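# Descriptive analysis of the structure
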Amino acid sequence: MMQRHYTFILMAVLTLLFPLRGVGRELSMTLDEAITMARVKSVDAAVALAELRSAYWEWRTYRADLMPEVTFKATAPSYSNQYTPYMNEQGEYSFVRNNYLDAQGQIAVTQNLLLTGGKLSLTSSLDFMRMYGEGGGNKFMSIPVALTLSQPIFGVNTLKWQSRIEPVRYAEAKAAFISASEDVALMAVEYFFTLLLSRENLAVAEQNLKNAEKLYNVAVEKRRMGRISENDLLQMELNLLDARSTLTECASTQRSNMFRMRTFLDIEDEDVEIIPVVPSRVPEVEINFSHALESALANNKFAKNLRRRQLEADYEVAKAKGDLRQINLFAQVGYTGTDSQISDAYRRLRGNQVVELGMSIPLLDWGKRRGRVKVAESNRQVTESRLRSEEMNFNQNLFVLIERFGNQQEQLRIASRSYDIALKRYDTNVETFMIGMISTLDLNDSQSRKDESMRQYVNELYRYWSYWYQIRSLTLYDYEHHTGINADIEKLVKM
């Protein structure tokens, strides 16, 4: 379905297809082709993809925190030859010389505990020391296995809160990318129809100039024969001058819009002239507001953004409450052995246990910590109020957009029929003026109506497609094919 916009095959086709069609300085382009090309080659599409990759690796980092981590630490070697203070049994200090070589190695497997927020480690280490000088020798100390638990008591379980927030954050990033892709399509619609309208205006200006020249020559002949007044001849000359001025302005506008379109689509060849093709078909669908709202709340980044911000506000409250008191448990059990031989250091093992319970409870802090809790709770209330307001505005904007889209289909039909009528009327009036049956005022009026009807039809087309992609961006639903808009995220981030 919509995943075709994000596949490698599409990129290859675009890379090969468009340069070939651009040969000869002209590139005929439909609206669908412009949108497809913009999704892949535009700067906005590249920015959206970069943001997705950043969010993806943040998600991968979070997932890695839930997995066991294996680390190896070593000091090999550490040599010391210096005097250090020493206190004997009588409490007298002296300086003794230490001359030794030390080497240490440790391998550890560490697992964060999602349920409790603590950390559990399984380690194995070996220390070696060689003393130099009189009475020196080798010493080994082994810890074949040691199990260590570090656990906060009563504090906030940060890992558990992250397990709630991070999946929502990543889902929001994926929805944001797909919405950004639809926003790129919306921008392509704007550039496409701006260029199309400027080309249509230019074509109309060229045709009007030809007609004005022809009519002026006829008017000169009629004036010579005395069939029209001097005032009518002067009016025809003014029409000719206006037509030339309009053509110059339209040509300049068309070149500017052409440059903007090429830049947006990242077409570096300045000799390529894009020729937009007027869309001959529009999808005639009826969009139900209830279904659109349901799709938007299920798929759109906005709904996930609301959920994430609510969770973050709740987390700040929990963290502030957890800081009221701090109690940490540290426990280690295992075995250790020492000897001058490495093999004996692993045979003669003894128990090795450490239990430590540390706490920090404020007895008098003048309400500082409870004040932080109140601030966090107040901030959460403010966030909740803002979220309700944003949700109401989102629902309202979606409703208005769907209503406008529904009306736009009828507006487009009216504009198409109006243009056909205005064009036929103008052609008839030109022929009628040639035989002297109508005045220049009637001819000018029919020309203005014809030109305005053409512009109105193109503008109505633009509004239709603009509403169409705005709705797609908000709901992430393709109403033409009746399916959700998705993307192969894994493939995209590894491109």
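The following paragraphs examine the structure supplied in this document.

So, how was this worked out
- Residues numbered from 1 in each chain as written.
- Predicted model: local features only at pLDDT ≥ 70, side-chain atom pairs only at ≥ 80, totals over all residues.
- Heavy atoms only, no water.
- Helix = DSSP H or I, 4+ residues; strand = E, 2+ residues; numbered from the N terminus.
- Rg over C-alpha atoms; globule rule 2.2 N^0.38 Å.
- Buried < 20%, exposed > 50% of the residue type's maximum accessible area, 1.4 Å probe, protein only.
- Areas by Shrake-Rupley, 256 points an atom, 1.4 Å probe, with all protein chains shown as cover.
- Lys, Arg positive; Asp, Glu negative; His and termini not counted.
- Charge placed at Lys NZ, Arg CZ, Asp CG, Glu CD.
- Patch = residues over 30% accessible without salt bridge, like charges linked within 9 Å, V, L, I, M, F, W, Y side chains within 5 Å.
- Salt bridge = Lys/Arg side-chain N within 4 Å of Asp/Glu carboxyl O.
- Contact = heavy atoms within 4.5 Å.
- 1 Å grid on protein atoms, 1.4 Å probe; cavity = no way out; pocket = protein on both sides within 12 Å on 5 of 7 lines; lining within 4 Å.
- Points joined across faces, edges and corners; volume = space filled by probe spheres on them.
- Nonpolar A, V, L, I, M, F, W, Y, C, P; charged D, E, K, R; others polar.
- Phe/Tyr/Trp six-rings, centres within 6.5 Å; stacked < 30°, edge-to-face > 60°.
- Lys NZ or Arg CZ within 6 Å of the ring centre and 35° of its normal.
- Expected span 1.5 Å × (residues − 1).

## Description of the overall build of the protein chain
On a plain count of helices and strands, the protein chain comes out with 10 helices and 10 strands. Relative to the 2.2 N^0.38 estimate, which gives 23 Å for 495 residues, the radius of gyration of the protein chain is 39 Å and therefore markedly larger than a compact globule would have. Its C-alpha atoms give the protein chain principal-axis dimensions of roughly 140 × 50 × 40 Å. Among the 495 residues that make up the protein chain, the fraction classed as buried is 37%. For the protein chain, the exposed area adds up to about 28800 Å²; of that, 52% sits on carbon and sulfur atoms. The averaged location of the 62 negative side-chain charges in the protein chain is 5 Å from the averaged location of its 60 positive side-chain charges.

## A closer look at unusual backbone geometry
A positive phi angle, near 60°, is found at Asp-266, a position not held by glycine. Structurally, Asp-266 is set in the loop between helix 5 (230–264) and strand 6 (273–276). For Leu-476, which is not a glycine, the phi torsion comes out positive at approximately 50°. Tracing the backbone shows Leu-476 in the loop between helix 9 (440–475) and strand 9 (477–478). For Leu-476, a relative accessible area of 3% translates into the label buried.

## Some words on a nonpolar patch on the surface
The grouping of Val-70, Phe-72, Ile-107, Val-109, Leu-120, Leu-122, Val-145, Leu-147, Val-333, Tyr-335 and Leu-349 at the surface amounts to a nonpolar patch, some 950 Å² of accessible area in total. Mapped onto the nonpolar patch, the elements with two or more residues apiece are strand 2 (69–87), strand 3 (93–112), strand 4 (119–131), strand 5 (138–153) and strand 7 (326–339).

## Let's talk about the environment of Thr-123
In this fold, Thr-123 is placed in strand 4. With 260 residues separating them in the primary sequence, Thr-123 and Thr-383 have C-alpha atoms 45 Å apart. In this structure Thr-123 touches Gln-106, Ile-107, Ala-108, Ile-143, Pro-144, Val-145 and Ala-146, once residues within four positions along its chain are discounted.

## Describing empty space enclosed by the protein
In total, this model carries 1 cavity of 30 Å³ or more according to the counting rule given. Put simply, the largest cavity is a space of about 30 Å³. Lining the largest cavity are Ala-55, Glu-58, Trp-59, Glu-166, Arg-169, Tyr-170 and Ala-173. Mapped by element, the contributors of at least two residues to the lining of the largest cavity are helix 3 (43–65) and helix 4 (158–224). Split into classes, the residues belonging to the lining of the largest cavity amount to 4 nonpolar, no polar and 3 charged.

## Quick look at the packing of aromatic side chains
As enumerated under the stated definition, the model contains 17 aromatic pairs in all. A ring pair is formed by Trp-59 and Tyr-170, whose centres lie 5.1 Å apart and whose planes are at 5°; its orientation type is stacked. Linking Trp-59 in helix 3 with Tyr-170 in helix 4, this pair joins segments that are 111 residues apart in sequence. Look at Tyr-170 and you get buried, because its relative accessible area is 8%. An angle of 80° between the planes, with centres 5.8 Å apart, marks the rings of Tyr-464 and Trp-465 as edge-to-face. Classification of Tyr-464 by relative accessible area gives buried; the value is 1%. Among the aromatic residues, ring-to-ring pairing joins Tyr-56, Trp-57, Trp-59, Tyr-62 and Tyr-170 into one connected group. Its end group placed over the ring of Trp-161, Arg-164 keeps NZ or CZ at 4.6 Å from the ring centre.

## Details of the environment of Pro-152
Assignment of secondary structure puts Pro-152 in strand 5. On the basis of relative accessible area, Pro-152 is assigned to the partly exposed category, the value being 28%. For Pro-152 and Leu-241, which are 89 residues apart along the polypeptide, the C-alpha to C-alpha distance reads 86 Å. Those residues in contact with Pro-152, other than ones at most four positions away along the chain, are Gly-117, Gly-118, Ile-327 and Asn-328.

## Describing helix 5
The end-to-end C-alpha separation of helix 5 is 51 Å, in line with the 51 Å expected for 35 residues at 1.5 Å each. Just downstream of helix 5 lies Asp-266, where phi reads positive at about 60°.

Distances and angles like these do not, on their own, reveal function.
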